Amino acid sequence: MQNMLNISQAAKLLGVSPSTLRRLEKDGVVEGYGLKVVYTPGGQRRYIFDEVQLLYTQEGFSGQLGFGRRPLLMVRDLVAAFTDPNSRLAIELDKQVETTKALIELCIGRNIPVTFTRTIYDPTNLSSQLWGQKFPSICALEDKKWIQIHPELTDYSYSIISDTPYITNFHKSPIERFVEENEIDTVILVGATTSGSIRATAVDGIQRGLRVIIPKEAVGDRNQTIQASALTDLNARYADVMNASRVLQTLEVMTSSP
């Protein structure tokens, strides 16, 4: 499924008003921009994320960070709480687990380190208390059954499995030292949620001087509207959001024997 933006999201990124997009629309295309307009069954306009992102880049936003020389794959919260449809925290699953599995297998096969971070709720931790007050559903993660790694992702030798009450993968985590000791310069973020921990880790990563890559098929959120908005903003400010196939291909080339 292609990520879609509503008219307000698309207009904001393009620096125009929603009424301008409506006025320029003719035969299902926004004239002057070349944007396709897709209508929902309820008659609401939707715009394809990739097309808006390309236009945004051409307007001077969304410069490319690119890959460095020493990448690290970071998996976040692909656990029961975020993948079980019976959970209140569940993301809208499509290909996230399948794509993450492919990335893990390539990285381990090419000696690229892989870490797995799980959110926990710690009632003795002030940050966790506040997060739970703001977002009560997170308190369910005090029950360890919800932090079990997805069955398709359990049988791998992760460099680190880190349980944290914090939103970002880095804060007070062994991953922080691991990145420094191994001279990591690029982090590839996958998992959940795009608007939450993925975003927070991306911001934290670029502040630490790391290149941040997000394979869009490998991250997820509660619905497509939130997902598309978060990906667009991440690509504009903090990370390179790209197709997973491009990430896989780049890693293969980087680690190929000369």
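Details of the structure are given in the entry above.
A brief look at the structure comes next. (Residues numbered from 1 in each chain as written. Predicted model: local features only at pLDDT ≥ 70, side-chain atom pairs only at ≥ 80, totals over all residues. Heavy atoms only, no water.)

**A short note on the packing of aromatic side chains**
A complete count under the given rule lists two aromatic pairs for this structure. Seen in terms of ring centroids, Phe116 and Tyr158 are 5.4 Å apart; in terms of plane orientation they differ by 70°. Their pairing is edge-to-face. Of this pair, Phe116 sits in strand β8 (residues 114-119) while Tyr158 sits in the loop between α6 (126-134) and β9 (160-164), and the two are 42 residues apart along the sequence. With relative accessibility at 0%, the residue Phe116 sits in the buried group. Relative to Tyr158, the ring of Tyr156 has its centre 6.4 Å away and its plane inclined at 70°; by these criteria the two rings are edge-to-face. (Phe/Tyr/Trp six-rings, centres within 6.5 Å; stacked < 30°, edge-to-face > 60°. Helix = DSSP H or I, 4+ residues; strand = E, 2+ residues; numbered from the N terminus. Buried < 20%, exposed > 50% of the residue type's maximum accessible area, 1.4 Å probe, protein only.)

**So, the packing of helix α5 (residues 96-109) against helix α10 (residues 244-254)**
When two helices pack together, their arrangement is given by the angle between the helix axes and by the axis-to-axis distance. Two elements in contact, α5 and α10, have axes whose closest approach is 11 Å; the angle formed by their N-to-C orientations is 5°. Judged by the angle between their axes, α5 and α10 are roughly parallel. Contacts between α5 and α10 involve Thr99, Ala102, Leu103, Leu106 and Cys107 from the first element and Ala244, Val247, Leu248, Leu251 and Glu252 from the second. Of the residues assigned to the contact of α5 with α10, the class counts are eight nonpolar, one polar and one charged. (Axes fitted to C-alpha atoms, helices over the stretch in contact; angles between N-to-C directions. Parallel < 35°, antiparallel > 145°, perpendicular 65-115°, else oblique. Contact = heavy atoms within 4.5 Å. Nonpolar A, V, L, I, M, F, W, Y, C, P; charged D, E, K, R; others polar.)

**What to know about a negative patch on the surface**
Residues Glu92, Asp94, Glu98 and Glu152 make up a contiguous surface patch of negative charge. Among the secondary structure elements, Glu92 is positioned in the loop between α4 (80-83) and α5. (Patch = residues over 30% accessible without salt bridge, like charges linked within 9 Å, V, L, I, M, F, W, Y side chains within 5 Å. Areas by Shrake-Rupley, 256 points an atom, 1.4 Å probe, with all protein chains shown as cover. Salt bridge = Lys/Arg side-chain N within 4 Å of Asp/Glu carboxyl O. Lys, Arg positive; Asp, Glu negative; His and termini not counted. Charge placed at Lys NZ, Arg CZ, Asp CG, Glu CD.)

**Notes on the sheet that holds strand β6 (residues 45-48)**
The strands making up a sheet are joined through hydrogen bonds of the backbone, oriented either antiparallel or parallel. Reading across the sheet, the three strands line up as β1-β6-β5 and stay open at both edges, with antiparallel pairing between neighbours. Whereas interior strands pair on both sides, the edge strands pair on one side only; in this sheet they are β1 (4-6) and β5 (38-39). The pairing of β5 with β6 spans two bridges and is antiparallel. Looking across to β6, one finds that Val38 is bridged to Arg46. (Pairing = 2+ DSSP bridges.)

**Points about the pattern of salt bridges**
A full pass over the atoms with the stated rule returns eight salt bridges. Residue Arg45 pairs with Glu25 through a salt bridge whose shortest N-O separation is 2.7 Å. Taken as a pair, Arg45 in strand β6 and Glu25 in strand β2 (residues 25-26) lie far apart in primary sequence, 20 residues in all. Asp204 serves as the salt-bridge partner of Arg208, at 2.9 Å between the closest nitrogen and oxygen. Given the relative accessible area of 13%, Asp204 is considered buried. Taken together, the shared-partner salt bridges connect Glu176, Asp204 and Arg208 into one network.

**Some points on the pairing of β6**
In this sheet, β6 lies alongside β1 in antiparallel orientation, the contact comprising three bridges. Paired with Leu5 across the bridge in β6 is Tyr47. Turn length for the β5-β6 hairpin, with the two strands adjacent in sequence and antiparallel, is five residues, and the turn residue Gly43 shows positive phi of about 85°.

**Overview of the layout of surface pockets**
Of the pockets and cavities examined, the second largest pocket occupies roughly 200 Å³. Every element with two or more residues in the lining of the second largest pocket is listed here: α1 (7-14) and α9 (224-237). Tallying contributions element by element places α9 first for the lining of the second largest pocket, with five residues. Class assignment for the residues of the lining of the second largest pocket results in four nonpolar, three polar and three charged. (1 Å grid on protein atoms, 1.4 Å probe; cavity = no way out; pocket = protein on both sides within 12 Å on 5 of 7 lines; lining within 4 Å. Points joined across faces, edges and corners; volume = space filled by probe spheres on them.)

**Remarks on unusual backbone geometry**
A cis amide bond links Ala192 to the next residue, Thr193, at an omega of -15°. Of note, Asn111 is a non-glycine position whose phi angle comes to about 60°, a positive value. Tracing the backbone shows Asn111 in the loop between α5 and β8. You will see that Glu183, though not glycine, has its phi angle at about 50°, which is positive. Position of Glu183 among the secondary structure elements: in the loop between α7 (174-181) and β10 (186-192).

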